[in-house]
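# A structural walkthrough
What follows is each chain in one-letter form.
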Amino acid sequence: MQPSKSHIAKNIAVVLALFACASASCSRPIQSNAEVREVRLPSGLSGSNEPDDGQWLMPAKNYSSNRFSSLDQITVDNARDLKVAWTFSTGINRGHEAAPLVVNNTMYIVTPYPNILYALDLTKPGAPMKWKYEPKPSSAAQGVACCDVVNRGAAFYDGKIFYNTLDDHTVAVDAQSGKEVWNTQVGDINQGESMTMAPLVVKDKVLVGNSGGEFGVRGWLTALDASSGKIAWKAYSTGPDVDCLIGSNFKPFYEADQGKDLGVTTWPPDAWKIGGGGVWGWISYDPELNLIYYGTANPGPWNPDQRPGDNKWTCGIFARNPDNGEALWFYQWSPHDLHDYDGVNEQILIDLPIAGHTRKVLVRPERNGYVYVLDRTSGEVLSATPFAYITTSKGVDLKTGRLIYNPEKSASLGKVVREICPASPGAKDWQPSAFSPKTGLLYLPHNNLCQDAESVEANYIAGTPYVGMNVKMYAGPGGNRGVFSAWDPVAAKEVWSIKEDYPVWSGALVTTANVAFYGTMDGWFKAVNAVAGEPLWQFKCGSGIIGQPITYRGPDGKQYVAILSGVGGWSGAIVAGNLDPRDGGGALGFNNAMSDLPKNTVKGGMLYVFALP
Amino acid sequence: MREGILLFPRPARRSPPALRLRVVGMGALALLIFQAACKREERGFRVQPPSASAAEGSRMTDFQPGPRTPESPVKNEYEDNAYALSEGKRLFQEYNCSGCHFNGGGGIGPALMDDEWLYGDKPENIFETIVEGRPNGMPSFRGKVPDYQVWQLVAYVRSLSGQVGSNAAPGRSDHMQTSSPEQSRPRESPKLSGKPR
């Protein structure tokens, strides 16, 4: 799509800008909001203004999922001196989406399929390998991974590392010895199920969910006992209330979500059994309210004509009691989803001053293009504001909570609908944002993509794709396919933004010293000033970056920043899977938007760790 | 597993009526134009697919210890037959091959329009790939697709990289174009490169 020459020119421009910035106080073509206020984090949620223990125990850093670190050695002034401290090759060539963990001076990395877990000793020079654990998942599982064979990371709890394998096992590994403690099969590849999400461990329960919205799976979230691996409860995303753990305490805020067995009645007969609603994204936890929050993915098939109705409980968010799984409330971002707008993105838990009151909210940058601020006690939508270019809807009706679709962009059988914005990966896919209580801003890695699509009849054959949509994606207005922006959730507006050539498919990280980090799909790892958005430093890694940056304090007392490079994922499948760019429909239509990526990066998993000299 | 849901796509039972009408209509029109018995448009009766056992002697590699034993390549008559190729194209959608391979560019499964082959580009190799499945995520369709349809699929798969006669390869698509029609695909020179994915 983009000629490589202009791409090089762009890179040169960035480098020049970088030099200019390094030499003087520079103002980039970025609007800055001078007024920056401190935001209080809910008590009981770590990572707030309390001292940071310098570890990284779960991909989102803490239960509020803010990816905020109070390590402060790397600053706006010295970030330009960052250097590679050491590296580690994972030996795997597919997309590396995971966040490394750091616990007790050991770093843990999970690779994409075949899901090797490495433990690296941070106390020794060059961080040599302590051990590796190989679960040897079934190679056939690669056939049911819609969007590259990724894994989004592990979680540490009570001396164990927990994670999921592509072939639907949840494993617990002793963090010291690398020995398997338990291994529980929770899904079945022959039904199209795979697992890619990172678990969250809450009160001795390991929470995990399935992927497979493109295979007609029936989505679920399940809780495994952390010490035994036994299933404590399982909550489906479709079907009768009893299967969805919906009971008398279920009090959704909006009328559309109230009623009996909506997980059955909002579908054609039996369609809920293969209706999707996977749980492959992020989970947050509020210890005070004792509620977990997580989203449900797209309904299946994509072709909406095959599933008239609201398709509960897909494309929405559940609040549940982690002890028994019972649902407390639900809100549906995209009822009767038309465009594969999975509702599984991160939700960041904060207390915000809204209209004169401090509200317990969750902030959700959603795939359909809106940043939602929800009252996390009730599920009420306080605001929903576009953060990207949207043609598929006209806003959210705050009285009914309902997304107002633009009928002109609805699919109908055999008709090609053009200029669908955002495209199916959404204004923002899984790539998690970060929130700084210091600046009060959300740091949003995201996409600028539109698409043409045509719905066709989908055949259900267990274990094979159940989609029914031909798609061709391309860059949105402006031609840049990605954006990294700072968003003020109180004022509900963008504060600054940086255009990137490729979708920004990496996670974000922000520190108390106002340094934000992210990576690009052509391999640049970048540090920017979290207040004003000017670039501070960048380093070219071996392969494109779609991982989640973290920062930690080493045994030597120094602050380190770590990121996995290794392109892939849905957006990078064209490189990771050697796809042919001449078929724009390849990789569910992402090929069309990424046909130039193979010219700008190659595959290869490698961990990079940076520090000041 | 579930009632009321199509467990297996139509081709095994019947074609969707609209599709059948259209294919027949197109065929009739073509017959009118070409009049004389043109092999390209022959329908089923005289064009025999190879037997399933024809694929049994296949090799997945040219590498043989000692002197080379002569090959007896399998000829898939469907490769010169427009009707069989258009059936192959339809089946490629209906058995959800396209869900993993798209229009040849690949996605979950590898690209089938390029010059690189993991398990062999010969008709007998592709037959085996479909029937046996392959370890890294290619399902085994054994017992689910009748042999003659597998050979139609084999012919169509080879058309994706220009391996069949361009006058027989499908020239148009009923759907949104995401790539060039099979008929105008350049003829790739297949390599058993097995590049790791």
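Computed from a prediction, not measured in an experiment: that's the story for all the values here.

When helices and strands are tallied, chain A shows 5 helices and 38 strands. With the principal axes as the frame, chain A shows a C-alpha extent of 65 × 55 × 50 Å. Looking at chain A as a whole, 68% of its 613 residues qualify as buried. If you take every contact in chain A between residues at least 6 apart in sequence, the share linking residues at least 24 apart comes to 63%.

Turning to its location among the elements, A:Lys61 is positioned in the loop between helix H1 (4–23) and strand S1 (68–69). With a relative accessible area of 11%, A:Lys61 lands in the buried category.

Our next topic: the nonpolar core. Residues and elements named next belong to chain A. Counting 54 residues, the largest nonpolar core has Trp-86, Met-107, Tyr-552 and Leu-607 as its most contacted members. Residues contacting Met-107, with those up to four places away along its chain left out, are Trp-86, Pro-100, Leu-101, Val-102, Tyr-118, Ala-119, Leu-120, Leu-122, Tyr-552, Ala-562, Leu-607 and Val-609. One finds Val-344, Trp-505, Ala-573 and Ala-587 within the second-largest nonpolar core, a separate group that totals 36 residues.

The next point concerns the state of the cysteines. All names here are of chain A. All told, the structure shown has 2 disulfides over all chains when counted by the stated rule. Between the sulfur atoms of Cys-146 and its disulfide partner Cys-147 the distance amounts to 2.1 Å. Across the disulfide from Cys-146 to Cys-147, rotation about the S-S bond amounts to roughly -105°, and the bridge is consequently left-handed. Note on Cys-146: relative accessible area 25%, which makes it partly exposed. With a relative accessible area of 15%, Cys-147 lands in the buried category. The partner cysteine of Cys-421 in its disulfide is Cys-450, sulfur to sulfur 2.2 Å.

Bringing the packing of helix H4 (residues 123–132) of chain B against helix H5 (residues 147–159) of chain B into the picture now. Residues and elements named next belong to chain B. Where H4 meets H5, the axes come as close as 9 Å, and the angle between the chain directions of the two elements is 120°. Taken together, the axes of H4 and H5 lie oblique to each other. Taken as a pair, H4 and H5 cross one another with a handedness that is right-handed. Each of Pro-123, Glu-124, Ile-126, Phe-127, Ile-130 and Val-131 in H4 lies in contact with H5, whose residues at this interface are Asp-147, Val-150, Trp-151, Leu-153, Val-154, Val-157 and Arg-158.

Once that is clear, we can look at unusual backbone geometry. Negative phi values dominate among residues other than glycine, just as trans dominates among peptide bonds. All names here are of chain A. In this structure, the amide linkage connecting Gly-300 to the following residue, Pro-301, adopts the cis form with an omega of -5°. Note that Pro-301 resides in the loop between strand S16 (291–295) and strand S17 (316–320). Residue Asn-290 is not a glycine yet carries a positive backbone phi of 50°. Assignment of secondary structure puts Asn-290 in the loop between strand S15 (283–286) and S16. According to the relative accessible area criterion, Asn-290 is buried, its value standing at 16%. One non-glycine residue, Asn-514, adopts positive backbone phi at about 60°. Relative to the elements of secondary structure, Asn-514 occurs in the loop between strand S32 (509–511) and strand S33 (515–519).

This next bit is on the sheet that holds strand S38 (residues 606–611) of chain A. Residues and elements named next belong to chain A. Judged by pairing direction, the sheet is antiparallel, and its 4 strands sit side by side in the order S2-S38-S37-S36 without closing on themselves. Edge positions in the sheet fall to strand S2 (83–89) and strand S36 (550–553), since each has one partner strand and no second. Taken pair by pair, the neighbouring strands of this sheet meet at an average axis angle of 25°, ignoring direction. Direction of pairing for S36 relative to strand S37 (residues 559–565): antiparallel, over a ladder of 4 bridges. Residue pairing for S37: Ile-550 is matched across the bridge by Ala-562.

Here we come to the interface of chain A and chain B. Chain A puts 40 residues into the contact, and the matching count from chain B is 40 residues. At the surface where chain A touches chain B, the tally comes to 1 salt bridge. The salt bridge involving B:Glu188 is made with A:Arg582; its shortest N-O contact spans 2.9 Å. The tally of links between chain A and chain B comes to 19 residue pairs in polar contact (both at pLDDT 80 or more). Sorting the residues of the side of chain A that touches chain B by element identifies strand S28 (449–455) and strand S29 (469–475) of chain A as the ones contributing at least two each. By residue class, the composition of the side of chain A that touches chain B is 16 nonpolar, 13 polar and 11 charged.

Residues and elements named next belong to chain A. Taken together, the 5 bridges between strand S13 (residues 220–225) and strand S14 (residues 231–236) define a ladder with antiparallel strand orientation. When the bridges of S14 are listed, Leu-224 appears paired with Ile-231. Hairpin connection of S13 to S14: 5 residues between the antiparallel strands, including Gly-229 at a positive phi of 80°.

Next up on the list: the pattern of salt bridges. In the structure shown here, the tally under the stated rule is 37 salt bridges over all chains. One salt bridge connects B:Lys122 with B:Asp121, and the closest N-O pair in it is separated by 3.8 Å. Put simply, A:Asp257, A:Asp310, A:Lys312 and A:Arg402 are held in one network by salt bridges that share partners.

Below, the discussion takes up the packing of aromatic side chains. All names here are of chain A. Per the counting criterion, the structure on display carries 36 aromatic pairs over all chains. Aromatic pair Tyr-293 and Trp-329: ring centres 5.9 Å apart, planes at 45°, arrangement tilted. Note that Tyr-293 is positioned in strand S16 and Trp-329 in strand S18 (residues 327–332), a separation of 36 residues in sequence. Here the two residues Tyr-293 and Trp-329 agree in accessibility, since each one is buried. Between the aromatic rings of Phe-539 and Tyr-608, the centroid separation amounts to 5.9 Å while the plane-to-plane angle is 55°, which identifies the pairing as tilted. With Phe-539 in strand S35 (residues 535–540) and Tyr-608 in strand S38, this residue pair connects regions lying 69 residues apart in the sequence.

Definitions and limits used
- Residues numbered from 1 in each chain as written.
- Chains lettered and ligands numbered in written order.
- Predicted model: local features only at pLDDT ≥ 70, side-chain atom pairs only at ≥ 80, totals over all residues.
- Heavy atoms only, no water.
- Helix = DSSP H or I, 4+ residues; strand = E, 2+ residues; numbered from the N terminus.
- Buried < 20%, exposed > 50% of the residue type's maximum accessible area, 1.4 Å probe, protein only.
- Contact = heavy atoms within 4.5 Å.
- Core = buried A, V, L, I, M, F, W, Y, C linked by side-chain atoms within 4.5 Å.
- Disulfide = S-S within 2.5 Å.
- Axes fitted to C-alpha atoms, helices over the stretch in contact; angles between N-to-C directions.
- Parallel < 35°, antiparallel > 145°, perpendicular 65-115°, else oblique.
- Left-handed = near helix turned anticlockwise from the far one by under 90°.
- Pairing = 2+ DSSP bridges.
- Salt bridge = Lys/Arg side-chain N within 4 Å of Asp/Glu carboxyl O.
- Polar contact = N/O pair within 3.5 Å; in protein donor to acceptor, adjacent residues only side chain to side chain.
- Nonpolar A, V, L, I, M, F, W, Y, C, P; charged D, E, K, R; others polar.
- Phe/Tyr/Trp six-rings, centres within 6.5 Å; stacked < 30°, edge-to-face > 60°.

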